[in-house]
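# A closer look at the structure
Here is how the chains run, residue by residue.
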Amino acid sequence: MRIATLLLFSLALAADDKTGYTDTPLIPGQKWKVHDAARPHPPQVAPGRPLASIPAPADADVLFDGKDLSKWIMRSRKGETAPANWKVENGYFEIVSPKDGRWNMVTQEKYGDVQLHLEWMIPKEENGRGQAGGNSGVELMSRYEVQVLESFENVTYADGQAAALYGEWPPLVNASPQKGEWNSYDIFFEAPRFDGERLVKPAYITVVHNGVLVQNHRSYKGPAAHRINKPYVPHGEDSLSLQDHGHPVRYRNMWIRRLKDHQ
Ligand code: MG
């Protein structure tokens, strides 16, 4: 019995440790498979320092100002909700995973087209490998993920490293600093448009990681998913979600602006 448990545990670890797959479907419009083991990793670029920590402009919704989680609630995979309960200290909050499953933290407010600034950090003590290396994620409209992961030393499949559009596009370059250092994301996101059941325009995203352009107006093929291509399903504005992947990732200085064209 004990050997069987150990075996299962090692299998689970091995699954998280994978640096890619060969048995997944092709990504639509690309020559690579989802999490393709053969896909090249982008070159590493040391970001400039100090980190540009941009304060919130006047028309932003401040999602976290270092003090409290009043703009957030917890949401389970089944859709149950609870008061936001991740740990707040020293001007940041840290993911606290319950023992019985993972609960994302999501904004009470729903958003469409946005500009988003946030800062994140993988604590020094975090030693997991592959997708177990400080995994979280910024999920626009609770669907379209920008990956959060330790990617300075830790190797995983290219479309799953930090600043990847998970399962779709690796970043143009890898601007990850060492763990224990703060990162910034500046994200410019256009929500997908639907006409009834039909997709009229996909979601587009531009991502600046630590001052370096890493996703340049990329379109999403659909919501982020593991090992598969997930199709678009029509939806309206939705919460910004932070992914709980079981690791104590930290976040701070987070604000969001709704984008409106006044012409
Ligand atoms: Mg993730």
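This part takes up the overall build of the chain. Broken down by element type, the chain carries 1 helix and 16 strands. For a compact globule of 263 residues, the expected C-alpha radius of gyration is about 18 Å, and the chain comes in at 18 Å, within 12% of that figure. By its C-alpha atoms, the chain is 65 × 45 × 40 Å across when sized along the principal axes. Scored against the burial criterion, the 263 residues of the chain give a buried share of 49%. Taking the contacts inside the chain whose residues are at least 6 apart along the sequence as the reference set, 69% of them involve residues at least 24 apart. Accessible area for the chain stands at about 13000 Å²; split by element, carbon and sulfur atoms hold 54% of it. Charge-centre separation for the chain: the mean point of 31 positive side chains lies 3 Å from the mean point of 32 negative side chains.

This part takes up the nonpolar core. Formed by 43 residues in total, the largest nonpolar core has its most connected members in Val138, Leu140, Tyr185 and Phe189. Considering every element that reaches this core, the biggest residue donor is strand β7 (residues 114–121), with 4 residues. In contact with Leu140, other than residues within four places in its own chain, are Val114, Leu116, Val146, Ile187, Phe189, Ile205 and Leu240.

Turning our attention to the layout of surface pockets. One number sums up the size of the largest pocket: a volume of about 750 Å³. Of all elements in the fold, only α1 (2–17), β2 (72–76) and β9 (144–148) reach the threshold of two or more residues within the lining of the largest pocket. The calculated volume of the second largest pocket comes to roughly 200 Å³. Split by residue class, the lining of the second largest pocket holds 4 nonpolar, 3 polar and 5 charged.

In this section: the side chain of Asp186. Along the chain, Asp186 turns up in strand β10 (residues 183–190). It turns out Asp186 is buried and unbridged, and the closest side chain with the opposite charge, Arg257, is 10.0 Å from it. There is a polar contact of 2.7 Å between the side chain of Asp186 and the side chain of His117. Dropping the residues within four chain positions of it, Asp186 is found in contact with Ile54, Leu116, His117, Thr206, Val207 and Val208.

Glancing now at unusual backbone geometry. Across the junction of Arg49 and Pro50, the peptide omega takes the value 5°, indicating a cis bond. Structurally, Pro50 is set in the loop between α1 and β1 (61–64). In this model, Ala163 sits at a positive phi of 70°, which is unusual for a non-glycine residue. Within the fold, Ala163 resides in the loop between β9 and β10. Although it is not a glycine, His217 adopts a positive phi angle of roughly 50°. For His217, the position within the fold is in strand β14 (residues 212–219). Given the relative accessible area of 40%, His217 is considered partly exposed.

Another point: the environment of Trp169. With respect to the helices and strands, the residue Trp169 is situated in the loop between β9 and β10. Between the C-alpha atoms of Trp169 and Arg218, which are 49 residues apart in sequence, the distance is 8.2 Å. The contact partners of Trp169, leaving out residues within four places of it in the chain, are Gln30, Arg39, Asp159, Ala164, Gln215, Arg218 and Ser219.

Criteria and thresholds
- Residues numbered from 1 in each chain as written.
- Predicted model: local features only at pLDDT ≥ 70, side-chain atom pairs only at ≥ 80, totals over all residues.
- Heavy atoms only, no water.
- Helix = DSSP H or I, 4+ residues; strand = E, 2+ residues; numbered from the N terminus.
- Rg over C-alpha atoms; globule rule 2.2 N^0.38 Å.
- Buried < 20%, exposed > 50% of the residue type's maximum accessible area, 1.4 Å probe, protein only.
- Contact = heavy atoms within 4.5 Å.
- Areas by Shrake-Rupley, 256 points an atom, 1.4 Å probe, with all protein chains shown as cover.
- Lys, Arg positive; Asp, Glu negative; His and termini not counted.
- Charge placed at Lys NZ, Arg CZ, Asp CG, Glu CD.
- Core = buried A, V, L, I, M, F, W, Y, C linked by side-chain atoms within 4.5 Å.
- 1 Å grid on protein atoms, 1.4 Å probe; cavity = no way out; pocket = protein on both sides within 12 Å on 5 of 7 lines; lining within 4 Å.
- Points joined across faces, edges and corners; volume = space filled by probe spheres on them.
- Nonpolar A, V, L, I, M, F, W, Y, C, P; charged D, E, K, R; others polar.
- Salt bridge = Lys/Arg side-chain N within 4 Å of Asp/Glu carboxyl O.
- Polar contact = N/O pair within 3.5 Å; in protein donor to acceptor, adjacent residues only side chain to side chain.

Everything listed here is a matter of coordinates, which is why it stays silent on function.
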